[in-house]
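The lines below spell out each chain.
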Amino acid sequence: MLAKILILLTRGWQKGPSKVLPPSCRFQPSCSAYAITALGRYGALKGGWLALKRIFRCHPWGGQGLDPVP
C-alpha cells in the first residue's frame, strides 16, 4: 500500500514540476522512472532505499549513463 502511494507521488512529480524544469538527468532511466520501477519490484522499503541512493548519486561527480534497477 505504501509503495503504491509513493508511486503515485512520483508520477505526480513526472506530470507536474518535472515538466516545467529543464531536463538535467545524468542517468538512463530517469530517477523518477527508476523509483517507480524499484518501488513496483521491491516494495516501499527496499525500493525506496534504492530510489534514494540513486537520487543521492545525481550530482556532477556521481556518474552518468545506463543505470537499470538491479
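Analysis parameters
- Residues numbered from 1 in each chain as written.
- Predicted model: local features only at pLDDT ≥ 70, side-chain atom pairs only at ≥ 80, totals over all residues.
- Heavy atoms only, no water.
- Helix = DSSP H or I, 4+ residues; strand = E, 2+ residues; numbered from the N terminus.
- Rg over C-alpha atoms; globule rule 2.2 N^0.38 Å.
- Buried < 20%, exposed > 50% of the residue type's maximum accessible area, 1.4 Å probe, protein only.
- Contact = heavy atoms within 4.5 Å.
- Salt bridge = Lys/Arg side-chain N within 4 Å of Asp/Glu carboxyl O.

Observations concerning the overall build of the chain
- Looking only at helices and strands, the chain features 3 helices and 2 strands.
- Of the regular secondary structure in the chain, the N- to C-terminal order runs α-α-β-α-β.
- Over its C-alpha atoms the chain spans a radius of gyration of 12 Å, differing by no more than 12% from the 11 Å that the globule rule assigns to 70 residues.
- With the C-alpha coordinates aligned to their principal axes, the bounding extent of the chain is approximately 35 × 25 × 15 Å.
- The proportion of buried residues among the 70 residues of the chain is 27%.
- Long-range contacts, defined as pairs at least 24 residues apart, comprise 71% of the intrachain contacts of the chain with a sequence gap of at least 6.

With respect to the pattern of salt bridges
- Under the defined criterion, the tally for this structure stands at 2 salt bridges.
- A salt bridge links Asp67 to Arg54, with the shortest nitrogen-to-oxygen separation between them at 3.6 Å. With a gap of 13 residues between them, Asp67 in the segment after β2 (65-66) and Arg54 in helix α3 (residues 31-56) connect regions that are remote in the sequence.
- The exposure class assigned to Asp67 is buried, which follows from its relative accessible area of 16%.
- According to the relative accessible area criterion, Arg54 is buried, its value standing at 0%.
- In this structure, Asp67 and Arg57 form a salt bridge, with 2.3 Å as the shortest nitrogen-oxygen distance. With Asp67 in the segment after β2 and Arg57 in the loop between α3 and β2, the pair connects residues that are 10 residues apart, well separated along the chain.
- By relative accessible area, which is 28% here, Arg57 ends up partly exposed.

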